[in-house]
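# Notes for the structure review
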Amino acid sequence: MQLSSDAVILRVWPVNEADLIVSFLTRDFGKLKGVAKSALKSRRRFGGTLEIMTEVRATFVDRPRQELVRIDHFDLIASPLRSPVDYARMTTLSFFAEVTEQALPDRNPEEVTFRLLSAVLDHCARGQIWLPVTYFSLWMTRLMGWLPDLNLCAVCSSSLLDSGAWFHPSADGLRCRSHAMPASASLALESLQLARRMIRAPIAEFAAQPWTAQSAADLRRFSIQALERHLERRLRTAEALRRLATGAVSSAELRS
Ligand SMILES: [Zn+2]
């Protein structure tokens, strides 16, 4: 059956001579993997659409009992290459792609995830990095069901509304000061309040305030740690983001 849907490209890798396997998140059918036959030769069917985080209209054939769909063609809607791609932006786009690819199961329609990705890509295209990364990390944690209660200590249920909280890479939940585990990281009161606002409001509401690598860095760390713990793996691109935030990026990486 031939189907089509708006989609975002997550990952592309070669197979056989000239074919590619493409992992892409569709608005209507969830995350899919498909074969793009002769994609390396056919600019007409795929020209300019195979970079990660490209937004396309995907036309493909889904066959019974086949894990992979057969991709007929992608029509370009928006390319991340429409604005200059420097190291920081490339790292951000790769982070969105890696988290989405790793966290979502195949063929599980979740339009809200698609809309989240579209929204953060839009802000990224305007040159923002740290707001979309922070918003995306928190929301992906929430959409996957991995976000703990932001109001109560996970141990004693005391209120966290007037204090900061503590978290640890090996444990779920936020904790009050008395129950913080040794070597916990802290989440400042204002970051916790920001998190509560972010899960109720669209990203655009936070774009007016200035964002730097230091803005809500603790909230980003908390969300990414929750993602990594539930995925049971380190995110390669999260490490790149950490290095970007601390300025520990070599000049060779900045040139690439
Ligand atoms: Zn407690």
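Residues numbered from 1 in each chain as written. Predicted model: local features only at pLDDT ≥ 70, side-chain atom pairs only at ≥ 80, totals over all residues.

With mixed pairing, the five strands of this closed barrel are ordered in space as β1-β2-β3-β5-β4. On average, adjacent strands in this sheet sit at an angle of 50° to one another, irrespective of strand direction. Bridging between strand β1 (residues 2-15) and strand β2 (residues 19-26) involves eight bridges; their strand directions are antiparallel. Note on β2: the bridge partner recorded for V15 is D19. Relative to β1, helix α2 (residues 87-103) is tilted by about 105°, and along the sheet it contacts β1 and β2. (Pairing = 2+ DSSP bridges. Helix = DSSP H or I, 4+ residues; strand = E, 2+ residues; numbered from the N terminus. Axes fitted to C-alpha atoms, helices over the stretch in contact; angles between N-to-C directions. Contact = placed C-beta atoms within 7 Å.)

Turning our eyes to something else, we now look at the nonpolar core. Core analysis: the biggest nonpolar cluster contains 63 residues, and F24 and F96 have the highest contact counts within it. By residue number, the principal contributor to this core is helix α4 (residues 130-143), which donates eight residues. In contact with F24, not counting residues within four places along its chain, are A7, V8, I9, L10, L32 and A58. (Core = buried A, V, L, I, M, F, W, Y, C linked by C-beta atoms within 7 Å. Buried ≥ 20, exposed ≤ 12 C-beta atoms within 10 Å, placed from the backbone.)

As a further point, take the pairing of β2. Where β1 folds back onto β2 in an antiparallel hairpin, the turn is made up of three residues, including N16, whose phi is positive at roughly 55°. Between β2 and strand β3 (residues 30-36), which pair antiparallel one after the other, the connecting turn spans three residues.

Taking 1.5 Å of rise per residue, 17 residues should cover 24 Å, and α2 covers 24 Å from first to last C-alpha, within 8% of that figure. Residues of α2 that are buried include every one of A88, T91, T92, L93, F95, F96, A97, E98, V99 and T100, and no others. Against the buried residues of α2 lie β1, β2, α3 (111-125), α4, α6 (217-231) and α7 (236-245). (Expected span 1.5 Å × (residues − 1).)

Segmentation of the chain into domains returns domain 1 (2-82) and domain 2 (87-248). Taking only C-alpha atoms, the centre of domain 1 and the centre of domain 2 are 28 Å apart. Taken together, the contacts link 17 residues of domain 1 with 18 residues of domain 2. Looking at the side of domain 1 that touches domain 2, the elements that each hand over two or more residues are β1, β2 and β3. In terms of residue count, the dominant contributor to the side of domain 1 that touches domain 2 is β3 (four residues). Class assignment for the residues of the side of domain 1 that touches domain 2 results in eight nonpolar, two polar and seven charged. (Domains from an automatic or database assignment. Nonpolar A, V, L, I, M, F, W, Y, C, P; charged D, E, K, R; others polar.)

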